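So you can see what is in the structure, the chains are spelled out below.
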Amino acid sequence: MTGDDFLSLVRQRFSCRSYRPDSVPETLIARLLEAVRLAPSACNKQPWRLAVVSDESQRIRLCEEGLLPGMQRPWIRGAPVLIALGVARTTVTHRLAPLISGIDYPALDLGIAGEHLVLQATALGLGTCWIGWIRPPAVRRIVDWPRSIQPVSLISVGWPAESSESHRTGRKPLSDWVSGFIAK
Ligand SMILES: Cc1cc2nc3c(=O)[nH]c(=O)nc-3n(C[C@H](O)[C@H](O)[C@H](O)COP(=O)(O)O)c2cc1C
């Protein structure tokens, strides 16, 4: 794989909000999970916890009870798989270290792990969308996690019914957010 291959994969990814009803084979879900498993994390604590929800009644409950007001529910209901991402905080790395540095390491870890999943899904031709506008307590109840696991996001997964070309979101120029580098 070349650097260009990776950049074209990154360009292919978009937040997919329309899915075909076809199911996603378990072998492909397993590859998404392997991409998460290989993610880096602070002190290698691997604090992510995932719940793969393909059962229709559980998905409907996540849409009806697990989202905050203002979210468009129909497209989320149409996703054949919803993956809940949660964090299990450890005492030293996740509670004490942030008191010293001020950095939320598990939030970083979960972002990296989730994006590994998303990019692996893109490489398999699957569409995904991060869904952060959730009610964590409701999500926890629906996926049957203990209180020690804090839900942080859902990610919808399925076969896209829209193309990345039909969905282009803007990005700020480098000059807005990087210093020490002048783009030619
Ligand atoms: C942490 C996070 C939370 C997000 N939450 C939502 C959400 O609740 N609902 C939604 O429709 N999109 C959500 N998105 C998708 C963003 O709106 C989307 O990534 C952004 O507009 C850029 O578009 P693109 O992903 O198609 O490039 C979220 C993305 C991230 C990374």
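Here the structure is shown first, and the text comes after it.
1. Comments concerning the site of the ligand
And step 1. Near the ligand there are 14 residues, and of these R13, S15, R17, G132 and R171 occur at the shortest range.
And step 2. W133 has a polar backbone atom sitting 3.1 Å from an oxygen atom of the ligand.
And step 3. T169 places a polar side-chain atom, nitrogen or oxygen, 2.9 Å from an oxygen atom of the ligand.
And step 4. When the free accessible area of the ligand is taken as 620 Å², the share hidden by the protein chains comes to 63%.
And step 5. Element by element, the count of residues in the shell around the ligand is highest for strand β3 (residues 127-131), at three residues.
And step 6. Here the shell around the ligand is composed, by residue class, of seven nonpolar, four polar and three charged.

2. Some thoughts on the environment of I29
And step 1. Its place among the elements puts I29 in helix α2 (residues 26-37).
And step 2. Given a relative accessible area of 9%, I29 falls into the buried group.
And step 3. Through-space distance from the C-alpha of I29 to that of L117 is 9.4 Å; in sequence the pair is 88 residues apart.
And step 4. Not counting chain neighbours up to four residues away, the residues in contact with I29 comprise V24, V52 and V81.

3. Quick look at the nonpolar core
And step 1. In terms of nonpolar packing, the biggest core is built from 22 residues, with L62, I76, A84, I131 and L154 touching the most fellow members.
And step 2. Of all the secondary-structure elements, those providing two or more residues to this core are β1 (48-53), α3 (56-65), α4 (73-77), β2 (81-88), β3, α7 (136-143) and β4 (149-158).
And step 3. Ranked by the residues each element gives to this core, the list is headed by α7, at three residues.
And step 4. If near-sequence neighbours (up to four positions away) are discounted, A84 is found in contact with R49, L50, A51, V139, V143, W145, S153 and L154.
And step 5. Listed in part, the 21 residues of the second largest apolar core include V36, I83, L126 and W159.

4. A closer look at the environment of S164
And step 1. Structurally, S164 is set in the segment after β4.
And step 2. Considering only alpha carbons, one finds S164 and R147, 17 residues apart in sequence, at a separation of 38 Å.
And step 3. Residues in contact with S164, not counting those within four places in the same chain, are Q12 and F14.

5. Considering the side chain of S156
And step 1. The topology assignment puts S156 in strand β4.
And step 2. Polar contacts involving the side chain of S156 include one to the side chain of Y19, which spans 2.8 Å.
And step 3. For S156, the residues in contact, after removing those within four places along its chain, are C16, Y19, W75, A79, V81, L82, G127, T128, C129 and I131.

6. Topic: α3
And step 1. Residues of α3 that are buried include every one of R59, L62 and C63, and no others. Here the buried residues of α3 occupy an arc of 95° about the axis, which is enough to place them on one side.
And step 2. The secondary structure elements touched by the buried residues of α3 are β1, α4, β2, α7 and β4.

What counts and how
- Residues numbered from 1 in each chain as written.
- Predicted model: local features only at pLDDT ≥ 70, side-chain atom pairs only at ≥ 80, totals over all residues.
- Heavy atoms only, no water.
- Near = heavy atom within 4 Å.
- Polar contact = N/O pair within 3.5 Å; in protein donor to acceptor, adjacent residues only side chain to side chain.
- Areas by Shrake-Rupley, 256 points an atom, 1.4 Å probe, with all protein chains shown as cover.
- Helix = DSSP H or I, 4+ residues; strand = E, 2+ residues; numbered from the N terminus.
- Nonpolar A, V, L, I, M, F, W, Y, C, P; charged D, E, K, R; others polar.
- Buried < 20%, exposed > 50% of the residue type's maximum accessible area, 1.4 Å probe, protein only.
- Contact = heavy atoms within 4.5 Å.
- Core = buried A, V, L, I, M, F, W, Y, C linked by side-chain atoms within 4.5 Å.
- Arc of directions from axis to C-beta.

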